[in-house]
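# Architecture at a glance
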Amino acid sequence: MSQAPAQSDRLIIAGQEYGSRLLVGTGKYKDLAETARAIEASGAQIVTIAVRRTNIGQTPGEPNILDVLPPERYTILPNTAGCYDVDTAVRTCRLARELLDGRNLVKLEVLGDEKTLFPDVVATLAAAEILVKDGFDVMVYTNDDPIMAKRLEELGCVAVMPLAAPIGSGLGIRNPLNILTIVENAKVPVLVDAGVGTASDAAVAMELGCAGVLMNTAIAAARDPVLMASAMRKAIEAGREAFLAGRMAPKRFASASSPLTGLFF
Amino acid sequence: MQIEINGEAAEVEEAIPMAALIATLALTGKRIAVELNGELVPRSRFDRQLLGPGDRVEIIQAVGGG
């Protein structure tokens, strides 16, 4: 069991401190029980939810996601999944804020295309501006364009979240140097969001200097989601430690690790 | 009078307050958010918000998502 991170290396988003740098989505699990077990194994403290129509008149006793992941215990991060324009994204955030008793933290995503689920960055900029002015703390899903990431930061987003690869694709970080550039230029936390597939992808994100990683499918679609959640927890911690430790410089040629003196042959 | 709830036609009393509509749907006290004709209706206004014919009500809850 890994130790909790030192007090000095906490993730800070919108003035709130967190021990875990792994953020997890709650979609695509077999059922609520598996969702709860996987989130527990992940150690995540921030979990995303979507907002959708209530099923009127169906199974009145049916538990809600917030029954298994209570807002008192977790930071619930509502997303604007499924929104393809500014108005629906803004409406969704306002409904989510009401749902969560006035909490201002939201994840903004405005999609541009159904096949790739890449963000419509023009609409994302417009929605971010409206939401920030309306007092929301916006964590914004974007592509790996460093210029767009900086624009979103300058609008007042509390965190910038470039994709590794398309949502649910599991392809890992496609453009590591773009992510590195974003990290180097950012004054707000940068979290890789979307496209992570396995533990090494999460570790790579942290080694590039990201503040955290948000993932859903990588855990939910694993053969053993609870075990993968545990792997991801360790990968995030390992990647973060490697980053803080300062890796060796890569060399083109070999550099022997054993002494060249005292040879007896 | 006829209104729309979550995209479905529904028959309700004239000038029913939002709070009463929520109660008939057994959703009082549940974690929901409500829109009337595209505008958010805060919980605090449920008693005072009366519905009219043709109103479109959206009742939203949290679900699992990425």
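Cut-offs used in this document
- Residues numbered from 1 in each chain as written.
- Chains lettered and ligands numbered in written order.
- Predicted model: local features only at pLDDT ≥ 70, side-chain atom pairs only at ≥ 80, totals over all residues.
- Heavy atoms only, no water.
- UniProt positions renumbered as here; feature names shortened; annotations may be inferred.
- Helix = DSSP H or I, 4+ residues; strand = E, 2+ residues; numbered from the N terminus.
- Contact = heavy atoms within 4.5 Å.
- Phe/Tyr/Trp six-rings, centres within 6.5 Å; stacked < 30°, edge-to-face > 60°.
- Buried < 20%, exposed > 50% of the residue type's maximum accessible area, 1.4 Å probe, protein only.
- Lys NZ or Arg CZ within 6 Å of the ring centre and 35° of its normal.
- Salt bridge = Lys/Arg side-chain N within 4 Å of Asp/Glu carboxyl O.
- Arc of directions from axis to C-beta.
- Polar contact = N/O pair within 3.5 Å; in protein donor to acceptor, adjacent residues only side chain to side chain.
- Axes fitted to C-alpha atoms, helices over the stretch in contact; angles between N-to-C directions.
- Left-handed = near helix turned anticlockwise from the far one by under 90°.
- Buried area = accessible area lost by both parts, 1.4 Å probe.

Per an unreviewed UniProt entry, chain A carries the name Thiazole synthase and comes from Candidatus Thiodictyon syntrophicum. In UniProt, chain A has this text filed under Pathway (unreviewed entry): "Cofactor biosynthesis; thiamine diphosphate biosynthesis." One UniProt comment on chain A, placed under Sequence similarities (unreviewed entry), says "Belongs to the ThiG family."

### Section: the UniProt feature "active site" (unreviewed entry) in chain A
The positions that UniProt labels "active site" (unreviewed entry) are, in the present scheme, A:Lys107. Within the secondary structure layout, A:Lys107 lies in strand β6 (residues 105-108). Residues contacting A:Lys107, with those up to four places away along its chain left out, are A:Thr48, A:Leu77, A:Pro78, A:Asn79, A:Thr80, A:Met139, A:Tyr141, A:Met161, A:Asp193, A:Leu214 and B:Gly66.

### Here's the deal with the environment of A:Thr54
On the secondary structure map, A:Thr54 appears in the loop between β4 (46-53) and α2 (65-68). Residues contacting A:Thr54, with those up to four places away along its chain left out, are B:Asn6, B:Leu27, B:Ile32, B:Ile59, B:Ile60 and B:Gln61.

### Observations concerning the packing of aromatic side chains
All names here are of chain A. Inspection of every chain in the model, using the stated rule, returns one aromatic pair over all chains. With 5.0 Å between their ring centres and 80° between their planes, Phe-264 and Phe-265 make a pair best called edge-to-face. Note on accessibility: Phe-264 and Phe-265 belong to one class, exposed. If you follow Arg-97 out to its NZ or CZ, it ends over the ring of Phe-136, 3.7 Å from the centre.

### Here we look at the pattern of salt bridges
All told, the structure shown has 16 salt bridges over all chains when counted by the stated rule. Among the salt bridges present, the one from A:Arg53 reaches B:Glu58, with a minimum N-O distance of 2.7 Å. With A:Arg53 in strand β4 and B:Glu58 in strand β5 (residues 56-64), this residue pair bridges two chains. Residue A:Glu98 is joined to B:Arg43 by a salt bridge in which the shortest nitrogen-to-oxygen separation is 3.7 Å. Placement of A:Glu98 in helix α3 (residues 86-99) and of B:Arg43 in the loop between β4 (39-41) and β5 is noted, with the two residues assigned to different chains. Owing to a relative accessible area of 35%, B:Arg43 belongs among the partly exposed residues under this scheme. Within the structure, one salt-bridge network assembled from shared partners comprises A:Glu98, A:Asp101, B:Arg31 and B:Arg43.

### Overview of helix α1 (residues 32-42) of chain A
Since the α-helix packs 3.6 residues into each turn, any two residues three or four apart lie on the same face. Residues and elements named next belong to chain A. Inspection of α1 places Glu-34, Thr-35, Ala-38, Ile-39, Ala-41 and Ser-42 among the buried residues, and these make up the whole buried set. Looking straight down α1, one finds that the buried residues subtend no more than 160° of arc, so they occupy a single side. Buried residues along α1 sit in contact with β3 (22-25), β4, α2, α8 (217-220) and α9 (225-245). With a side-chain oxygen positioned 3.2 Å from the backbone nitrogen of Ala-33, the residue opening α1 is Asp-31. A positive backbone phi angle near 75° is found at Gly-43, which sits one or two residues after α1.

### A few points about the packing of α3(A) against helix α4 (residues 121-133) of chain A
Residues and elements named next belong to chain A. Packing of α3 against α4 brings their axes to within 9 Å, and their N-to-C directions diverge by 35°. In terms of crossing hand, the pair formed by α3 and α4 is right-handed. Contact residues: Val-86, Ala-89, Val-90, Cys-93 and Arg-94 in α3; Ala-123, Ala-126, Ala-127, Ile-130 and Leu-131 in α4.

### Comments concerning the interface of chain B and chain A
Contacts between chain B and chain A engage 25 residues on the former and 28 residues on the latter. In total, chain B and chain A occlude about 2300 Å² of area from one another, counting both sides; carbon and sulfur atoms represent 54% of this. Looking only at chain B, the three residues that lose the most surface to chain A are B:Arg31, B:Ala62 and B:Gly66, adding up to 28% of its buried area. Inspection of the region where chain B meets chain A yields five salt bridges. Residue B:Arg43 pairs with A:Asp101 through a salt bridge whose shortest N-O separation is 2.9 Å. Across the contact surface, chain B and chain A share 16 residue pairs in polar contact (both at pLDDT 80 or more). Contributions of two or more residues to the side of chain B that touches chain A are made by β3 (33-36), β4 and β5 of chain B.

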